[in-house]
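# Observations on the model geometry
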Amino acid sequence: MKQHSSTEKHLTGSEAASSGVSEPQSKLHVFLAALPLWISSNLTKPRSLKTLLRCWLASWVGFIIILPDASLNVLGTAGFFAMLCSFFLPPNLPVQLFCFMMLTLVVGLCFSWGIGVAAMRAANAVRSTAHIQAVALQIQQRYRAPLPDPTLALTTAIYNGKFLDIRASVIYGCFLGFFAFIYGLIRAYIPVLTFTSIFATIGLDIFCTFGPLLPTAEYTLLKTFLISVGCYTGIALITTLFVFPETMSHSALRSVCEQLDRVEKFVTMQGEVLKTVDRQDGQAGIDMFKPGTLLLTKLDGMKTMMVAVMRQLNATSGMISLEFSYGKWSSDDVKDLITPLRGIVARSIGLDSFSKIVWRTTDLAEAPPNTTTNLDPSNKTFTLVDPSINAYNDAHLLRQMTSQTLQYENSHHLRIVDILPLAESATFELRKAVVTAVAVTRKNLDNVNRHRWTRHPDVDGELIRELDAAYESLTAALKDFTQDNQNAKRMQILKPFLALLQKEDGTVLTKSEQEALPFRSLFIAFVLGTNLVSLSEAVIAMMNIVRTTTAKRQRNRLWAPKGLRKIGKLLRGAGRSGEEADGGQAFGEDAIPSKEDFDDTGSGKSHSKSFFRLDPDSRPPTNIFQKIMNKLHGLYRWCGTPEAKFAFKYAFISVATWIPAVVNNSANFYYEEKGVWALIMAQTTLNIYASDQVFNLVIRLIGTFVGAILGLAAWYIGNGNGVGNPYGAAAVTAVFMPPLLFVRNFAPQRYLPGVLLGCATFALVMGYSWVDGHIAQFSSIGWSIAWKRFTLVIIGSTAAFIIMMLPPSSGRKAVRHRNASVITGLGNLYSFLMSTWLSDAPLSNKAATPALSQPDLSHPIHSVRWLDKFRVRLLSLSDELNALKQLTMTATWEGSIRGKWPAEEYTALLDAEGEMLIGLALLGGALAHLTDESRVAFMHNTRVLNPNLIADVMTAFSLISQSLRTGEPLHQVLPQSLVGRLLYHHYNHHNLHEASPDRAHGGDGITVETLSSLDYMFYATGIVAVFLVLKSVDDLQKITRRLCGEVPFEGFEKWRSQFESAHATS
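Residues numbered from 1 in each chain as written. Predicted model: local features only at pLDDT ≥ 70, side-chain atom pairs only at ≥ 80, totals over all residues. Heavy atoms only, no water.

By the naming in an unreviewed UniProt entry, the protein goes by ER transporter 6TM N-terminal domain-containing protein and is assigned to Lentinula lateritia. Under the UniProt heading Subcellular location (unreviewed entry), the note attached to the protein is "Membrane". (UniProt positions renumbered as here; feature names shortened; annotations may be inferred.)

Below, the structure written as structure tokens:
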């Protein structure tokens, strides 16, 4: 074992061994370590610096094109829009994805152009010709002799609002309000089209703001904007194609290699987890697994990064086939890696569950003798209470279970700290093989990705041989661990327990005696073993794909795009992104299971959706009138959702901040001071929830202030007090842009609104100053532009804040409702897995054969329909939890007007839900590996399938969700420990039937052969997973009691204590 440890240290410590850096490098490393991770990591990544250079060049050229007078006259007053677009959509994406994003922007502008033309045509149709002629006559009479400039006089009259017509203004207002409502719905329901909505709104604002002032049709109002956007698109495409170009295939394969590198480190860290307790002070080692420690923080950080990158890969993988690429592998070949990589990442993250379960064992030793509320699920001692007890209450049983577990484990030296060294030794070869296989696979993929234009046959051949050797090594290690004989590596963990199955005289223990054996540590060690087996199978599946593709693709070539129809599918599925859940779940509605969710276990039973939810106030409509009224009722209910309220507020604030533009007394001021930007700010600052509104208001104001300061500094450094020096402006802009673009490209997502506004303010100060100093009639440059821009932001943001608060949509209430929705979804997933376990129909597509020692490693997990459905629902809940974490962080910005918001309780609620999701994932993986024969055989020998327990668990899910949704308190008499209820039901059932000589499905207990089988290891993992779920439900209930309160039952606790003493024996 010491040799294993030293070997592993040698394998994982190569970087530490080569840390002999020079003093300047050490200072640099200290400086980088002091910076936030998103800054330090991207400052040292060559790919990030290349992307920054590309974005800087495109943005700088976008500003350079407005400096010559010839090009500025063509671009017009909106010439700065090219630089503005370079901040909103920098060319930091592969060319195909960038073209798609630019297309959404242009489509938004063009759509609003068409809407604006329709509005102008309709408004001019109702204009009073007599009014126009009268105003024109007044202008002629005022400047009759001598006439200085008829065109200037007419222009001045237009922008002074002389041609305003109330009827035309009403038409524009109706168009603005209706389509602003539509754009608001797009922002709320289809976040991927946010830029489309924003730029469509800008185009509509421009038409509806300037259109009412014009006496005649001017359908080309957006022409200058489209010209600037077209110029930037061309610049960005050129830089994307010729400045460190990158296809989506190259980007995706690079992300795959980075993910494999993280997996390699994550698996390696499991050795550190095991070695932590490999010493005499084992309990102190377990204390290092406490949440918040350095080890756990590193694991959580890597896990978060892997999940985020995997979500991004899933979102962009649909477009990989839509490009031309050059290299050995086609885009489809790269896309084929995404699914097996998803499995590898999921199983790697599953390894983290082991450390959490080990930490849970401390609760068993610390549980007070007079309480049941602090006991943890790692007490997966499934076997610890004397079945002769006449059990009537769960609290007494739990106290006995705690005491007896500790006694047995200490007396037999089977504590978790005693078993973990055995687990480390038994899994060392498999872990080493997994790490090597992942590393070699990454090297091969990286070689394919780096050498797309060159050939290195010697290097390719060597890497392929390494891949084959790693494949054979991992296959052998997996077979050595999973084979069904006494020579299997996993038997090292079992040896201390096998001796307990027989008495000293050689006779076999009875089933009742077996139930008192301390198998808790064994089952926890089995969790590590099954996770490693599952991970190994996933790695082998990817290696098979890599080996096959590498053998098939020997030469670099040009690959044409495929699957253009997938663009429509991406748009149709845009609303189902990771951060916006489907349908009502995103709005805090119950996650009602669908028919398909209950028809995946092969039962063939059909369920109607109406079976799950009925309207208690009316039966389904039966005639046309009732159907119409039912639809109207649904529309009325929808109008009360936060998304609908947001759309209505979006339309209202658009019209409210637009009205000054069509009032005679304020029209000229609105035009000269560019009031349209206040309108745009009011629209873009508006958010669905009050907490988002406050947070975005703060970061937008900060971003605007910083952008204005940088813009002023850049303008006066490069241009002095003049109207603009082209050489100075170009030079200073080139210096100021890189830090702005660095923050724009790499800042965390939640700060992006403030970053965008800061960059936009910089662009407006520089762009407007140059344009106004050269071709505009209002000479406002530098300071005049900056303070007005900041004032407009304050006006627009204040207007949005006022509208959002009348009435506010509470983000805190949304957090509570969405937690209720997630808990309902977790309960549905639990019932789905229990239903799958209890199914009479075959679940696997191959019979249970004794050839488990020679598994089909190319298809390691049974390809079954229920498993695919389970994975989809598991990922959906995971995405919902990630979105809920962000919403919970933002909800703290609502303030504490009525009292402090218990953010720590909602954070604990999320932690419990995340832990439950881990348990459900473990359970699903265990069921996927069990053969049908083993699954059915274990059904009648486990306590977790007791129907009374399942009923209690589902009741707890329902009550907790309902309490969070309505705010109603839970009752004190409800069971507070489902683990205790499990024992209560089991031993109560045992005592009722122990006198029956022929109990059905009683079983003969555990034999050595059963305990040694591979199926039993997965079965044990499933049991651990269920206990983890039970404890998580207990935690949810305790947190909900603290949040929503508890209905007291006077005298209940005293009576329960008396009842236990009278009816339970120790």
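More follows now that the structure is in view.
## Brief notes about empty space enclosed by the protein
What the rule picks out here adds up to 3 cavities of 30 Å³ or more. For the largest cavity, the calculated volume is near 120 Å³. Taken together, 12 residues line the largest cavity, and the ones lying closest to its centre are Glu673, Lys674, Ile785, Lys788 and Leu792. Of all the secondary-structure elements, those providing two or more residues to the lining of the largest cavity are helix H33 (752–774) and helix H34 (783–804). Among the residues forming the lining of the largest cavity, the class breakdown is 6 nonpolar, 1 polar and 5 charged. (1 Å grid on protein atoms, 1.4 Å probe; cavity = no way out; pocket = protein on both sides within 12 Å on 5 of 7 lines; lining within 4 Å. Points joined across faces, edges and corners; volume = space filled by probe spheres on them. Helix = DSSP H or I, 4+ residues; strand = E, 2+ residues; numbered from the N terminus. Nonpolar A, V, L, I, M, F, W, Y, C, P; charged D, E, K, R; others polar.)

## Side note on the pattern of salt bridges
Under the defined criterion, the tally for this structure stands at 22 salt bridges. For aspartate 879, the salt bridge identified is with arginine 311, shortest N-O distance 3.3 Å. Linking aspartate 879 in helix H36 (residues 865–891) with arginine 311 in helix H16 (residues 294–316), this pair joins segments that are 568 residues apart in sequence. Residue arginine 450 pairs with aspartate 446 through a salt bridge whose shortest N-O separation is 2.6 Å. In this pair, arginine 450 and aspartate 446 both sit in helix H21 (residues 416–450), 4 residues apart, roughly one turn of the helix. (Salt bridge = Lys/Arg side-chain N within 4 Å of Asp/Glu carboxyl O.)

## Brief notes about H21
Maximal helix bending in H21 amounts to about 50°, located at threonine 427. In terms of burial, H21 is a largely internal element, 26 of the 35 residues being buried. (Bend = angle between axes of the 7 residues up to and from the residue. Buried < 20%, exposed > 50% of the residue type's maximum accessible area, 1.4 Å probe, protein only.)

## Observations regarding a nonpolar patch on the surface
Together, Ile624, Phe625, Ile628, Met629, Leu632 and Leu635 make up a nonpolar patch on the protein surface, roughly 630 Å² of accessible area in all. Note that isoleucine 624 resides in helix H27 (residues 624–638). (Patch = residues over 30% accessible without salt bridge, like charges linked within 9 Å, V, L, I, M, F, W, Y side chains within 5 Å. Areas by Shrake-Rupley, 256 points an atom, 1.4 Å probe, with all protein chains shown as cover.)

## A closer look at the packing of aromatic side chains
Evaluation of the coordinates by the stated rule reveals 28 aromatic pairs. Plain terms: the ring middles of phenylalanine 1049 and phenylalanine 1052 are 5.6 Å apart, the flat faces sit at 55° to each other, and that makes the pair tilted. A relative accessible area of 18% means that phenylalanine 1052 is categorised as buried. One aromatic cluster in this structure is built from Phe81, Phe88, Phe195, Phe199 and Phe225. (Phe/Tyr/Trp six-rings, centres within 6.5 Å; stacked < 30°, edge-to-face > 60°.)

## Things to note about the side chain of serine 769
Turning to its location among the elements, serine 769 is positioned in helix H33. Here valine 765 takes part through its backbone oxygen, which lies 2.5 Å from a polar atom of the side chain of serine 769. When near neighbours in sequence (up to four residues on either side) are disregarded, serine 769 contacts Trp715, Val723, Leu764, Ser780, Ile781, Gly782 and Ile785. (Polar contact = N/O pair within 3.5 Å; in protein donor to acceptor, adjacent residues only side chain to side chain. Contact = heavy atoms within 4.5 Å.)

## A word on helix H35 (residues 811–838)
If you check H35, its first and last C-alpha atoms are 40 Å apart, about what 28 residues at 1.5 Å a residue would give, namely 40 Å. Along H35, 25 of the 28 residues are buried, which leaves the element largely enclosed by surrounding structure. Sitting at the amino-terminal end of H35 is serine 810, which places a side-chain oxygen 3.2 Å from the backbone nitrogen of arginine 812. (Expected span 1.5 Å × (residues − 1).)

## A look at the environment of valine 698
Inspection of the secondary structure puts valine 698 in helix H31 (residues 690–719). What makes valine 698 partly exposed here is its relative accessible area of 29%. C-alpha separation for the pair valine 698 and serine 797, spaced 99 residues apart in sequence, amounts to 9.6 Å.

## Remarks on the confidence of the model for the protein
A low pLDDT score tells you not to read the predicted coordinates there in detail. Summing up the model confidence of the protein, the mean pLDDT is 79 and the portion of residues at 70 or higher is 79%. When pLDDT is averaged over each helix and strand of the protein, the minimum, 39, is found for helix H2 (residues 14–17) and the maximum, 94, for helix H32 (residues 726–746). A low-confidence stretch, residues 1–24 stays under pLDDT 50, and its non-local contacts, those more than four residues away or across chains, total 22 contacts. Every residue in residues 991–1003 scores below 50 in pLDDT, and together they form 12 contacts with partners more than four places removed in sequence or on other chains. (pLDDT = per-residue confidence, 0-100.)

## Description of the packing of H35 against helix H37 (residues 903–929)
Packing of H35 against H37 brings their axes to within 11 Å, and their N-to-C directions diverge by 20°. By the angle between their directions, the pair H35 and H37 is classed as roughly parallel. Judged by the sense of rotation from one axis to the other, the crossing of H35 with H37 is left-handed. Across from Val815, Arg816, Asn819, Val822, Ile823, Leu826, Leu829, Tyr830, Leu833, Met834 and Trp837 in H35, the residues of H37 making contact are Tyr906, Leu909, Leu910, Glu913, Met916, Leu917, Leu920, Leu923, Gly924 and Leu927. In terms of residue class, the contact of H35 with H37 is built from 17 nonpolar, 2 polar and 2 charged. (Axes fitted to C-alpha atoms, helices over the stretch in contact; angles between N-to-C directions. Parallel < 35°, antiparallel > 145°, perpendicular 65-115°, else oblique. Left-handed = near helix turned anticlockwise from the far one by under 90°.)

## Some details on the side chain of serine 331
If you trace the backbone, serine 331 turns up in helix H17 (residues 331–335). Relative accessible area serves as the criterion here: at 6%, serine 331 is assigned to the buried category. Excluding residues within four positions of it along the chain, serine 331 makes contact with Ser249, Ile320, Ser321, Glu323 and Ser325.

## Looking at the packing of helix H18 (residues 338–350) against helix H25 (residues 520–552)
The N-to-C vectors of H18 and H25 enclose an angle of 160°; their axes lie 9 Å apart at closest approach. The orientation of H18 with respect to H25, classified from their angle, is roughly antiparallel. In this structure, the crossing between H18 and H25 has a hand that is left-handed. On H25, the residues touching Pro340, Leu341, Gly343, Ile344, Arg347, Ser348 and Gly350 of H18 are Asn531, Ser534, Leu535, Ala538, Val539, Met542 and Ile545. Partitioning the contact of H18 with H25 into residue classes produces 8 nonpolar, 5 polar and 1 charged.

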